[in-house]
Amino acid sequence: MARLLRRTQKESHGKYGVLFMDIDDFKKINDSFGHSVRDLFLIEFANRLRSLIVNGVNIYRLHGDEFVIIIDYEYNVYLLAQSVIELLKEAFLIDGTEFYVNISIGITRGCISNGYYYGDSRFY
């Protein structure tokens, strides 16, 4: 994560927004339906996130069901978070089963100057 932020800092002159995302109760999908359904679900989830990609928006999977979006400071990080939530309102159809999920999103927006972080944080 630190490497991603350093790269983003260089590309955006130290100003950026970050959305940390975690799929709520994802363990239930894994435990109830197995690894193959879990993997297919994560692929579909990532594909939906990709639909948000424009210049200045970078999406990464950290591990498991945790994803991060790093965006240029000029974008409205809160509108992007709302767009992610909207993407999840439609059911995920995996192997004939519909899944509805919620997501927790942590948001930070700020800049790094002289090695110090300045910004605000929110959690949806």
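What counts and what doesn't
- Residues numbered from 1 in each chain as written.
- Predicted model: local features only at pLDDT ≥ 70, side-chain atom pairs only at ≥ 80, totals over all residues.
- Heavy atoms only, no water.
- Salt bridge = Lys/Arg side-chain N within 4 Å of Asp/Glu carboxyl O.
- Helix = DSSP H or I, 4+ residues; strand = E, 2+ residues; numbered from the N terminus.
- Buried < 20%, exposed > 50% of the residue type's maximum accessible area, 1.4 Å probe, protein only.
- Phe/Tyr/Trp six-rings, centres within 6.5 Å; stacked < 30°, edge-to-face > 60°.
- Lys NZ or Arg CZ within 6 Å of the ring centre and 35° of its normal.
- Pairing = 2+ DSSP bridges.
- Arc of directions from axis to C-beta.
- Polar contact = N/O pair within 3.5 Å; in protein donor to acceptor, adjacent residues only side chain to side chain.
- pLDDT = per-residue confidence, 0-100.
- Contact = heavy atoms within 4.5 Å.
- Core = buried A, V, L, I, M, F, W, Y, C linked by side-chain atoms within 4.5 Å.

Asker: What should I look at first to understand the pattern of salt bridges in this one?
Answerer: Between side chains of opposite charge, pairing is possible as soon as their charged atoms come close. Within the structure shown, the criterion is met by four salt bridges. D31 is paired through a salt bridge with K27; the nearest N and O atoms lie 2.6 Å apart. With D31 and K27 both in helix α2 (residues 26–50) and four residues apart, this pair spans about one turn of that helix. Of the residues examined, D31 reaches a relative accessible area of 51% and is grouped as exposed. K89 serves as the salt-bridge partner of E86, at 3.0 Å between the closest nitrogen and oxygen. Judged by relative accessible area, which is 53%, K89 ranks as exposed.

Asker: Looking at this structure, I do not really get the packing of aromatic side chains. What am I missing?
Answerer: Each aromatic ring pair is described using two quantities: the centre-to-centre distance and the angle formed by the ring planes. Scanning the model with the defined rule gives seven aromatic pairs in all. When the ring of F41 is compared with that of F92, the centres are 4.6 Å apart and the planes differ by 45°; the resulting orientation is tilted. Remark: F92 occurs in strand β4 (residues 92–94) and F41 occurs in helix α2; sequence separation between them is 51 residues. A relative accessible area of 0% places F41 in the buried class. A residue is classified by how much of its surface remains accessible, and F92, at 0% relative accessible area, is buried. Between the aromatic rings of F45 and F67, the centroid separation amounts to 4.9 Å while the plane-to-plane angle is 55°, which identifies the pairing as tilted. Of this pair, F45 sits in helix α2 while F67 sits in strand β3 (residues 66–72), and the two are 22 residues apart along the sequence. With relative accessibility at 1%, the residue F45 sits in the buried group. Here a set of aromatic residues connected by ring pairs shows up, and it is made of F26, F33, F41, F45, F67, F92 and F99. Across the ring face of F92, the terminal group of R48 is positioned such that the distance to the ring centre comes to 3.6 Å.

Asker: Is there a simple way to explain the pairing of strand β2 (residues 57–63) in this structure?
Answerer: Look at any regular strand and the pattern is simple: side chains alternate between the two faces of the sheet. The pairing of β2 with β3 spans six bridges and is antiparallel. Note that in β3 the partner of V57 across the bridge is I71.

Asker: Honestly, helix α3 (residues 77–87) in this entry has me stumped. Any pointers?
Answerer: One turn of the α-helix equals 3.6 residues, which is why residues spaced by three or four share an orientation. Those residues of α3 lying buried are V77, L80, A81 and V84. Angularly, the buried residues of α3 cover 100° about the axis, an arc narrow enough to put them on a single face. Backbone nitrogen of Y78 and a side-chain oxygen of the N-cap are separated by 2.9 Å at the start of α3; the cap is N76.

Asker: What should I look at first to understand the confidence of the model for the protein in this one?
Answerer: The predicted structure's coordinates, where accompanied by low pLDDT, should not be read in detail. Averaged over all residues, the pLDDT of the protein is 81; the fraction at 70 or higher stands at 77%. A low-confidence stretch, residues 114–120 stays under pLDDT 50, and its non-local contacts, those more than four residues away or across chains, total 17 contacts.

Asker: When you look at the nonpolar core in this model, what are you seeing that I'm missing?
Answerer: When a protein is soluble and globular, its nonpolar side chains tend to lie buried together. Counting 28 residues, the largest nonpolar core has F41 and F45 as its most contacted members. At the level of elements, β1 (15–23), α2, β3, α3, β4 and β6 (103–113) are the ones that each hand at least two residues to this core. With eight residues, the top contributor of residues to this core is α2. Apart from residues lying up to four places away in sequence, F45 is in contact with I23, F67, L88, F92 and I103. With five residues, the next largest nonpolar core counts Y16, Y60, V68 and I70 among its residues.

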